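# Survey of secondary and tertiary structure
Given next are the chains, with one letter for each unit.
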Amino acid sequence: MSQPPSGSPFARTEVRADGHAVVTIGGVWNLDDPLPSVVIRGDRVRVVSEGLGDFDSSLPAWLHAHGKNIREFDLSALPPRLQSLVRMAEKAAYQETGDEKPGLLEQFGTWGVESGSSWARAFEHIGHTSLGFARMLIGRAKVNWADFSLQLQTAGVDALPIVALLGFLTGLIMAYVGLIQLRQVGATVYVANLVSLAMTREMGALMTGVIACGRTSTAFASQLGSMNVSQETDALRALGIQPVEYLALPRILAVTLMVPLLAVFATFVGVFGGMVVACAGDLSIEQYLTQAVRAISFKSFLVGVIKSVAFGFIAAWAGCYRGSVAKRSALGVGEAATSAAVLGITLIVVADALFAVIFNLFNL
Amino acid sequence: MSDPTDIVSCADLAIGHGRKVIMDRLSFALPAGRILAIVGPSGCGKSTLMRALGGLDAPLGGSARLLGVDLATADEPARQEILRRSGFLFQGAALFSSLTLRENIEMPMREFLRCPAKEIRQLAEYKLALVGLADAMDKLPSEISGGMAKRAGIARAMALDPRVIFLDEPSAGLDPMSSGRLDELILRLREAFGTTVVLVSHEIPSILRTADFCIYLDPETGTMGAYGPPKSFLQAGQPPKVHAFFTQARID
Ligand SMILES: Nc1ncnc2c1ncn2[C@@H]1O[C@H](COP(=O)(O)OP(=O)(O)O)[C@@H](O)[C@H]1O
Ligand SMILES: [Mg+2]
């Protein structure tokens, strides 16, 4: 009848004639294995063991959970070390002296020392990110997917109003400036081509990228920076979780996905903005729309999308990178946010210039 | 002197920040199931030593081994395996500020254990109850006191039943009676699971009660002033500084 001490964990209950319930536990209890589920009735319960093998904290946790609402939970027949592990959880009540938080100075005093080779670190961070991405593809990375969906919302959907406003105004300004010139040569109808082509190839992606730097890079830099300050990233590392994978990857993925969508949206709104100006006197709506549709080729559309993917990545990465190397102080977090926006915008404009050269070479 | 069964060991270890060495020539070994206390004046490098021993910072010289593995040279999977088997309480607790206490404890379990949500919940509640936080489980770290955060940090460090646990000033912010209860918890864990413990503490009575070994870091010489059972530090014949630190119980 006795169980070999290597079996899987079991528990069974029986109710005695005198109203006592007896719970018999045994087997090997392991955090990773499924635990038995029983319903314990009665308010006087005695727990006995039978063929109880090795156990880790899953057994005291199980007993703690099952004994919580039972008035008399008698563990005296169990091995003493198990009893004491369960009792410790019942009795533990701690009093505190005054709040002794470690002083800010003590914590952050001289933590600002950091080497100047920031480019090396930037490339290292890109390397870690790509490695993390590869590990994610083969299912080895621990990624916080809750962050991913949250960022789809905050970095993507929540940006719609500002993207709409700025896209609209950009189209409007371009049409306005364009008309001044085109009126002189009597070619006002081409204002539609100008606005739609510029929005598709250039301004849609650029404006959205810059907005992402302002909204998202700074947010990421301060989020990750303050997690650095409170040693939350250290705590992740202590668990064997890579902060880059857990925190940066979901953010970068979400933004790289959302910025192209926002850019397409900005493009349409911009073309509409141009229409408002152009059709206020110079063109009819049909004229404008026909010209605009004719001007946008699939190629230009593709160019815009490729750019916006790159810009989205840059914006998100700049924020994550700056946050992860932020100095461990309130000041450091502020600096991280500022420098993330500056780095992001600079890289986006540089990348845009590179794209111009490359697309020119490939005749796109 | 390095025995493969030692849980924590270091040989000629140098620690510091950036390139600045603050302690060097550190060599000692801690066998399984033992409790080591690190003492020394504030700012002497106790937390830094813990981070190096726990494999969070690479040593500036010499080597440190955790569970028999040199984490500075180990490959990533081996490193993660070792880190998974060790728990760390940071001096500032370092709870995830956007998660409740319960979620803080459940996070490592969700990432590393394959058991269902209900069991994870039970485990987390048990571990929080062990440190007396059964009533504060749904609070955010910003809503609790420093001592409570410390205790939640201990519960999180214990989440995966680590073989070795590093506790940086676990009893800071607790009154003497509660800190006695914490001592008891540490001793019980060792007794029940053979957990090896490395802790930083300023409380001499508590060290005498719990620790098997004690290491005194001397900021003036920049290395360890003494290593041995804490009771031996009380006896004459120890370096005078160590003796004074222990008998006067100077708390900084
Ligand atoms: N991240 C850091 N960068 C640079 N110096 C640091 C850092 N953390 C701590 N220090 C310095 O290292 C020394 C040891 O710090 P620490 O290990 O926290 O001391 P203890 O824990 O013994 O009080 C102190 O002088 C402290 O100012
Ligand atoms: Mg310290």
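As the structure is a prediction and not an experimental result, all values here were calculated from the model.

Quick look at the interface of chain B and chain A now. Each partner contributes residues to the interface: chain B has 58 residues there, and chain A has 52 residues. Summed over both sides, the interface of chain B with chain A buries roughly 4800 Å², with 55% coming from carbon and sulfur. Three residues stand out in chain B for area buried against chain A, namely Glu111, Gln122 and Tyr126 of chain B, and they jointly supply 12% of the buried area on that side. Here chain B and chain A share 3 salt bridges between them. Asp32 of chain A serves as the salt-bridge partner of Arg114 of chain B, at 3.5 Å between the closest nitrogen and oxygen. At the junction of chain B with chain A, the criterion picks out 12 residue pairs in polar contact (both at pLDDT 80 or more).

With that settled, consider the coordination of the magnesium ion (ligand 2). Residue and element names in this part refer to chain B. Distances from the magnesium ion (ligand 2) to its protein donors, namely Ser47 (OG) and Gln91 (OE1), fall within the range 2.0 to 2.1 Å. Taken together, the residues span a long stretch of sequence, with Ser47 in helix α1 (residues 46-53) and Gln91 in the loop between β6 (86-89) and α3 (101-112) at a distance of 44 residues. For Gln91, a relative accessible area of 17% corresponds to the buried category.

Looking now at empty space enclosed by the protein. Evaluated as defined, the whole model comprises 5 cavities of 30 Å³ or more. Here the largest cavity is characterised by a volume of approximately 120 Å³. When residues in the lining of the largest cavity are grouped by element, the largest group, 3 residues, is from β6 of chain B. The residue inventory of the lining of the largest cavity, partitioned by class, reads 9 nonpolar, 2 polar and 2 charged. By volume, the second largest cavity is sized at about 80 Å³. Lining the second largest cavity we find Ser57 and Leu85 of chain A together with Tyr126, Lys127, Leu130, Met158, Asp161, Pro162, Ile165, Leu189, Phe193 and Thr195 of chain B. Only α4 (117-130) and α6 (176-193) of chain B provide two or more residues apiece to the lining of the second largest cavity. Classifying every residue of the lining of the second largest cavity by side-chain character gives 8 nonpolar, 2 polar and 2 charged. Per-domain counts for the lining of the second largest cavity show at least three residues from each of domain 1 (1-85 + 164-252) and domain 2 (96-161) of chain B.

Moving on: the domain arrangement of chain B. All names here are of chain B. One can read the domain layout of chain B as domain 1 (1-85 + 164-252) and domain 2 (96-161). Between the C-alpha centres of domain 1 and domain 2 the distance comes to 25 Å. With 12 residues of domain 1 in contact, the opposing surface of domain 2 contributes 11 residues. Area buried by domain 1 at its contact with domain 2 is led by Arg84, Ile165 and Leu185, which between them contribute 45% of it. Our count for the domain 1 to domain 2 interface comes out at 0 salt bridges. Here domain 1 and domain 2 share 1 residue pair in polar contact (both at pLDDT 80 or more) between them. Within the residue set of the side of domain 1 that touches domain 2, elements represented by two or more residues are β7 (164-168) and α6.

About the thresholds
Residues numbered from 1 in each chain as written. Chains lettered and ligands numbered in written order. Predicted model: local features only at pLDDT ≥ 70, side-chain atom pairs only at ≥ 80, totals over all residues. Heavy atoms only, no water. Contact = heavy atoms within 4.5 Å. Buried area = accessible area lost by both parts, 1.4 Å probe. Salt bridge = Lys/Arg side-chain N within 4 Å of Asp/Glu carboxyl O. Polar contact = N/O pair within 3.5 Å; in protein donor to acceptor, adjacent residues only side chain to side chain. Donors = N, O, S within 2.8 Å, 3.2 Å for Na, K, Ca; no water. Helix = DSSP H or I, 4+ residues; strand = E, 2+ residues; numbered from the N terminus. Buried < 20%, exposed > 50% of the residue type's maximum accessible area, 1.4 Å probe, protein only. 1 Å grid on protein atoms, 1.4 Å probe; cavity = no way out; pocket = protein on both sides within 12 Å on 5 of 7 lines; lining within 4 Å. Points joined across faces, edges and corners; volume = space filled by probe spheres on them. Nonpolar A, V, L, I, M, F, W, Y, C, P; charged D, E, K, R; others polar. Domains from an automatic or database assignment.

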